[in-house]
Structure formats: C-alpha cells, structure tokens
Amino acid sequence: MKEENEHLQDQGAASDLDWALPPEAAVPLPEPAAQPMPDPALIAAQVQGSAEGSAQPPPGGGSRILAVNVLAGGGANLVKIGLQLVMLPLMAHLLGPAEFGVYALALPTVAFFMTLADGGLGASLAREPTQSREIWSTAFWLVLMVGAGLTLIVAGWGVILAHLSREPRVADVMGLLSVSFLFVTVSVLPYARLTRERRLAAISGADLAGNLIGAAVAVMLALCGAGAMSLAAQYVILYLVRGSVLNLLAFVRPSLVFRPAMLKAHVSTGSALVASRLVDFAGRLVENLVFGRNFGPAALGTFTFANQVPRFVCEAASGPLWGALYAHALREDEAHLARLHAKLVHILSLLLAPVAFLTAAVVPGLILRILGPAWSDAATILSILIPFYALNAVAHQSGALLLAKGSGWALFRLSLLLVVARVAAVLPGPWLGPFGVAWGIGVAQVLFAGLMLRAPGRIGLSPTGPLLRGMLAPTLAGIAAGFACHVIVQGAPTEIPRIALGLVAGLAGYLVVLFLLEGSRLREDLGGLRRLMRR
C-alpha cells in the first residue's frame, strides 16, 4: 500500500495536506531572478484544483451528503428489486423456455468478461485528483481500447458458440450483447469523477433510468416477437442509458495523451479488484461443481437457490452503504472515517439482523406453501445461511476502506481465503450431508467476517472494538426476534395468519430488546437524524 500511495503522489495525486492548502501553497513559486513565463497547464491545474477544493462540503454537510447517497442508493435498489420480481415471470410468460435457453447460452460468457470490462479502474481512479489530466486521458483511451477489444472477442466467440451448440441464434444474441462493453467502458471515467465528488445519488439515478427503460424496451420487443433478442436488448439498453446519463453529468474531453506507465498504481489496485471478482466467480463454479458431484443436480438446484436469495437480499441492502463509505473514505481524515465506519456498521446491523433472523424463522413454511415439498431442503439451507450472509455483508464494509486506502491486494487475499474456506466446507459433503455443508459455509463466513472487521485496524484505520460493539445489540435483538417468531410459527408454519403474527411479534420483540440494550444510543441517533433532515 505504501508503494502505491507514493507512486500516486509522484504522478500528481494530492495528499491530504495538499487538499487542505490553497493551490498556491501546493505549487512551488518560481525563483525571482528567473522570471519564467506562466505555464498555462499549471494555471489550469491550479484553477481546477481550487474549484475542486471549493466543492468540498461545508462543515456538517458531509453527513447530509452521506444520507442522501445512502437513501438514493437504497431507494434505487428497492425499485430494481421490484422490477426484477415483475420482469422475470412476465418475460418468462412472453418468451417461453426455448428463448430463455438461447439467452442462457450467451449470458455466462458476457457475465465473465463483464468482470474484466473496467479493469477495476473506475474505483481506483476515484482516488486521483481530476487536475491530473494526463492520467485521466490515458485511462480514457485505455478503457476505450479494452471495450472495443472485448466487443470483438465476445462477438467472435458468439459465432463459435453458435456452431458448438448448434443454435445459430446465439451468434446474433451475443453480437448484440457484445455492444454493451463499449457502453460500460465509456462510463468508467464519469463514474469515477462522480464517485470522487460524492455524487452517488446521480449514479443511482442513472442505474435506475437504465433499468426502467431497458425493461420497457424488452417488453415491447417481446410483444413484437423478438424472442431472446428482447432480453439481450434489455441488457444493452440498460448500459446505453446508464452510460449516456453519466457522460452527460461528468464527461470531460480527454487530451491526445497516452502514457500507460502513469497508470501503474491504478492498474495495480484495479487488478486486485478484478482478481477478487474472478476468484469469487471461479470459487462459486468450483463450489457448485463439487456440490453437484456429491449430491446430484436436483440437490444442486436447491443449494444454488438457497445461496442466491440471501446473497441478493444482503447485497441489495449493503451495496449503497459500501459505495457511500468508499466515496467518503477518499477524502475524510482517519479519525472521522473510523467513526463513520462504526456508525454505518451499526446501521447495517440494525437493518439486516431482524431481516436475517425473522426470515430464517418463517422461510421454511413459506417455501413449503409456495413451492411445495420438493424445495424443503432449500428452505432449511436458506434458514441456516441467511444470518451468516448478513454477517458477511456487515463485515464487508471494511472492504471499502481497504480499497480507498490502496490496500486492494489485502482485500483480494481475504476474498481468496473465503473462497478456499467455502470449497473446503463443501468437499466433505458425502460425510456431512447438505445441511452440514451449509453449516460449514457458515463457519467460513464467520472466519471471513472476523478477518474483515480486523483488517482496517491493521492499516491504522477503524479499530475492531467499536465495530463489534455496534453489531452486538442488533444481533442479540435479532436472535430474540427470530426465536419469538419461531415459537409462534412452528405450530402451523405454512399458515399465512400465523406467519404474519409471528413476524409482528418478532419485530416487536426486536425493538423491545434493542431499546433495553442500547436505548440511549438509539435516541441519540434518532435525534441526529432529525437534525440532519431539518438542514
């Protein structure tokens, strides 16, 4: 990390002290005897640096910006979740299994290469001052070349895959999907600028607009008989609209400069982020392969379902907080950042603890009622896993600090450890059974969470103690809520009135226990929220 940060400063990245000083104090004055002519590039850099400095939030304004970013991200995620719940059955009804099968052949390739599309530069460049024009211009041309290259690769592979699968339409679907890489890569730099400026609400708005317009286009094309191409068009339109909005808000014309050596530090950080994604991608493939080999395809289907649901729910809740913490970690001082991290961990624990434990209590009966007894194993595995996924999501907030402070490879090592631990939990499946594997994965999640919570303290940021204290009361209250709900529901787990009564009682128990454990802290937080909303 030290070498990365020093390299960034050598390439023009401002230190915290440089941001605190006016531009004139950060630039050496010319020698009086030399009387050189003013350098236009330096003057432009000073003006832009001054503008960036003036864009800093006023005292007390950072909390309001954080709240707006979190609420915007959370609201957008809720709308996208609702949209997906509507679109999946609707498109299945309009298209039928055969068209979904064609799209399913194309999507894994696109999903794999999408992890490589930005090379992790979007997150890393947000650490770079915008007056470093040579770095930003070089990054622009680099990601543009990557996007064009991936477009050609995916389109070419589509032709080969169509021949191998004996499904000629796959080539057309992948040809259309390949265009999305261009739209993704041209939005990398605007995304980084908006993140640096803490304008995450704008990014959430762009994502939401892309999802809504893409869904509308997909439905219209499906009604016109476009088949699998309507699903591909939805994917492409999403990134077209998103990229257009981001560029409208934060596009800066690049210079005709291409010096890849200047991106060395960013490529290192970006490579760590991409490596983490690839490790997660590969780990889940191996995990599913081993589980399917041990228990068969039907059991694999229930296992996949039981993993996807809690992961989706927890990431939808934690994603906006992670993004807001990362954006604020780029400029906040370490003391304030430690307090902010502890508060966000506490808030996320307050949100996820009741959801996780109440879901664990009611989901067996709900799945049995909705999907039938064939999915009973999935219900049990989901009940086991969801509290551990919630813990993982809370602990993973530390990853935002590691990435913002140049410790991307530490994040990679932790991600690799989690993947290895999960696969190790699946390997003894024939002796443990599916439920034993689920508990083993839970142990792996606990190990990962403990190391993630400890990681910021190892680089001089958030100590572990305040993070654990922020999680303790919500977790205990969540356990009490889940137990109360289970006691009420277990007599008739599939009856909707009994489930509703259990949820109400569990939520009431959660609030009571929570106020008994930390009532004064909650009153203080609510008072701060009211003051924030009045500003």
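Computed from a predicted structure; not experimentally measured. (Residues numbered from 1 in each chain as written. Predicted model: local features only at pLDDT ≥ 70, side-chain atom pairs only at ≥ 80, totals over all residues. Heavy atoms only, no water.)

Undergrad: Honestly, the packing of aromatic side chains in this entry has me stumped. Any pointers?
TA: Scanning the model with the defined rule gives ten aromatic pairs in all. Centre to centre, the rings of Phe112 and Phe113 are 5.3 Å apart; their planes meet at 75 degrees, and the pair counts as edge-to-face. Owing to a relative accessible area of 17%, Phe113 belongs among the buried residues under this scheme. For the ring pair Tyr235 and Tyr239, a centre distance of 5.3 Å and an interplane angle of 65 degrees mean the geometry is edge-to-face. Placement of the pair is Tyr235 and Tyr239 together in helix H13 (residues 228–250), with a separation of four residues, close to one helical turn. (Phe/Tyr/Trp six-rings, centres within 6.5 Å; stacked < 30°, edge-to-face > 60°. Buried < 20%, exposed > 50% of the residue type's maximum accessible area, 1.4 Å probe, protein only. Helix = DSSP H or I, 4+ residues; strand = E, 2+ residues; numbered from the N terminus.)

Undergrad: Just checking my understanding: could you explain the nonpolar core for this structure?
TA: Generally speaking, nonpolar side chains in soluble globular proteins are found buried as a group. Counting 69 residues, the largest nonpolar core has Leu325, Tyr326, Leu337 and Ile441 as the members making the most contacts within it. Element by element, the count of residues in this core is highest for helix H17 (residues 376–395), at twelve residues. Ignoring anything within four residues of it in the chain, the contact list for Leu325 reads Leu337, Leu340, His341, Leu344, Gln397, Ala400 and Leu401. Of all hydrophobic cores here, the second largest spans 32 residues; its members include Val110, Val170, Leu177 and Tyr239. (Core = buried A, V, L, I, M, F, W, Y, C linked by side-chain atoms within 4.5 Å. Contact = heavy atoms within 4.5 Å.)

Undergrad: I tried to follow the side chain of Ser398 on my own but got confused; where do I start?
TA: Mapped onto the fold, Ser398 is located in helix H18 (residues 398–404). Among the residues examined, Ser398 registers a relative accessible area of 0% and is labelled buried. Filtering out sequence-adjacent residues up to four positions away, Ser398 remains in contact with His341, Met452, Leu453 and Pro456.

Undergrad: Which parts of the structure should I look at to understand the side chain of Thr109?
TA: Tracing the chain through its elements places Thr109 in helix H6 (residues 97–114). When its relative accessible area of 14% is taken as the criterion, Thr109 is described as buried. Of note is the side chain of Thr109, whose polar atom sits 3.2 Å from the side chain of Trp157. Leaving out residues up to four positions away in the same chain, Thr109 has contacts with Trp157 and Met174. (Polar contact = N/O pair within 3.5 Å; in protein donor to acceptor, adjacent residues only side chain to side chain.)

Undergrad: Just checking my understanding: could you explain empty space enclosed by the protein for this structure?
TA: If a probe as big as a water molecule is rolled over the atoms, it shows which places are left empty. Scanning all chains against the criterion turns up three cavities of 30 Å³ or more. Each pocket or cavity is described by its volume, and for the largest cavity that value is around 80 Å³. Partitioned by chemical class, the residues of the lining of the largest cavity number three nonpolar, four polar and three charged. (1 Å grid on protein atoms, 1.4 Å probe; cavity = no way out; pocket = protein on both sides within 12 Å on 5 of 7 lines; lining within 4 Å. Points joined across faces, edges and corners; volume = space filled by probe spheres on them. Nonpolar A, V, L, I, M, F, W, Y, C, P; charged D, E, K, R; others polar.)

Undergrad: In this structure, what is going on with the pattern of salt bridges? I would like to understand it.
TA: Two side chains that carry opposite charge are able to pair once their charged atoms sit near each other. By the definition in use, this model includes nine salt bridges. Notably, a salt bridge pairs Arg284 with Asp280, separated by 3.4 Å at the nearest N-O pair. Residue Arg284 and its partner Asp280 are both found in helix H14 (residues 264–295); the two are separated by four residues, about one turn of the helix. On the accessibility criterion, Asp280 (26% relative accessible area) is partly exposed. In this structure, Glu287 engages Arg422 in a salt bridge whose closest nitrogen and oxygen atoms are separated by 2.8 Å. Highlighted residues: Glu287 in helix H14 and Arg422 in helix H19 (residues 408–426), separated in sequence by 135 residues. (Salt bridge = Lys/Arg side-chain N within 4 Å of Asp/Glu carboxyl O.)

Undergrad: Would you take a moment to explain the confidence of the model for the protein chain for this structure?
TA: Where the model shows low pLDDT, its predicted coordinates should not be examined in detail. Of all residues in the protein chain, 86% have pLDDT values of 70 or greater, and the mean over the chain is 83. Long-range and interchain partners of residues 1–56, a stretch whose pLDDT sits below 50, account for 61 contacts in this model, where long-range means more than four residues apart. (pLDDT = per-residue confidence, 0-100.)

Undergrad: What is the right way to read a nonpolar patch on the surface from this model?
TA: Judged by side-chain polarity, Leu472, Leu476, Ile479, Val512, Leu516 and Leu517 come together as a nonpolar surface patch covering roughly 590 Å² of accessible area. Counting only elements with at least two residues in the nonpolar patch, the list comes to helix H21 (464–489) and helix H22 (496–534). By secondary structure assignment, the location of Val512 is in helix H22. According to the relative accessible area criterion, Val512 is partly exposed, its value standing at 49%. (Patch = residues over 30% accessible without salt bridge, like charges linked within 9 Å, V, L, I, M, F, W, Y side chains within 5 Å. Areas by Shrake-Rupley, 256 points an atom, 1.4 Å probe, with all protein chains shown as cover.)

Undergrad: Help me understand helix H12 (residues 200–223), please; the structure alone is not making it clear to me.
TA: Taking 1.5 Å per residue, 24 residues should reach 34 Å; H12 reaches 35 Å between its end C-alpha atoms and fits that length. The complete set of buried residues in H12 reads Leu200, Ile203, Ser204, Ala206, Asp207, Gly210, Asn211, Gly214, Ala215, Ala218, Val219 and Ala222. (Expected span 1.5 Å × (residues − 1).)

Undergrad: Help me understand H6 in this model?
TA: Along an α-helix, a turn takes 3.6 residues, which lines up residues three or four apart on a common side. End to end, H6 covers 25 Å across 18 residues, agreeing with the expected 26 Å (1.5 Å per residue, within 8%). Within H6 the residues assigned to the buried category are Glu99, Val102, Tyr103, Ala106, Thr109, Val110, Phe113 and Met114.

Undergrad: Quick question: what am I supposed to make of the environment of Val274 here?
TA: With respect to the helices, strands and loops of the structure, Val274 is situated in helix H14. Residue Val274 is classed as buried on the basis of its relative accessible area, which comes to 9%. The spacing of Val274 and Ala117 is 157 residues in sequence and 9.2 Å in space, taken between C-alpha atoms. When near neighbours in sequence (up to four residues on either side) are disregarded, Val274 contacts Thr115, Leu116, Gly119 and Gly120.

Undergrad: For this particular structure, what's the right way to read the environment of Gly73?
TA: Counting through the fold element by element, Gly73 comes out in helix H5 (residues 61–95). For Gly73, a relative accessible area of 8% puts it in the buried group. Between the C-alpha atoms of Gly73 and Ser318, which are 245 residues apart in sequence, the distance is 9.8 Å. Non-local contacts of Gly73, meaning those with residues more than four positions away in its chain, are made with Ser204 and Pro320.

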